[in-house]
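# Architecture at a glance
Given next are the chains, with one letter for each unit.
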Amino acid sequence: MLGKTAASTADTNPLQGSWTGATAGHSASFQIASINGRDAQVKYNFDGHSGQGVGDVVKNAELLGKIQFSSNDGSTGKVTFQSGKQTISLAVRKLTPKTA
């Protein structure tokens, strides 16, 4: 007898998901929607500038143009991006859905 198992709802890669962080002068939010091999589908908004693209995944980091993101534990991380002529680094946290 064959049985069908439900698809896992857990992220297959700890980088995958929605992330956000802010300081008094800067903000960052981005979503790594999917990861296929070394390719990551990324949507972002940094200091009011938004975009999307395909980034490269290398170990625990994602690179998309001048945007770099890394996380060692899958729940906190660091994002570095250009804002004007400045290079900004922000701590970010993965958004987790609230349970009832």
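Above this note sits the structure.
Rules of the game
Residues numbered from 1 in each chain as written. Predicted model: local features only at pLDDT ≥ 70, side-chain atom pairs only at ≥ 80, totals over all residues. Heavy atoms only, no water. Pairing = 2+ DSSP bridges. Helix = DSSP H or I, 4+ residues; strand = E, 2+ residues; numbered from the N terminus. Axes fitted to C-alpha atoms, helices over the stretch in contact; angles between N-to-C directions. Core = buried A, V, L, I, M, F, W, Y, C linked by side-chain atoms within 4.5 Å. Buried < 20%, exposed > 50% of the residue type's maximum accessible area, 1.4 Å probe, protein only. Contact = heavy atoms within 4.5 Å.

## Details of the sheet that holds strand E2 (residues 27-36)
What the 8 strands build is a closed barrel, ordered E1-E2-E3-E4-E5-E6-E7-E8; its pairing is antiparallel. Across the sheet, the mean angle from the axis of one strand to that of its neighbour is 25°, orientation sign disregarded. By the bridge criterion, 6 bridges tie strand E1 (residues 17-22) to E2 in an arrangement that is antiparallel. Bridge pairing in E2 places Ala22 opposite Ser27.

## Re the nonpolar core
Ranked by internal contacts, the top residues of the largest apolar core, which has 18 residues, are Phe30, Ile32, Phe46, Phe69, Val79 and Phe81. Elements with a minimum of two residues in this core: E2, strand E3 (39-46), strand E6 (67-70), strand E7 (76-83) and strand E8 (86-94). At 4 residues, the largest contribution of residues to this core is made by E2. Those residues in contact with Val79 that sit more than four places away from it in its chain are Ala28, Phe30, Phe46, Ile67, Gln68, Phe69, Ile88, Ser89, Leu90 and Val92.

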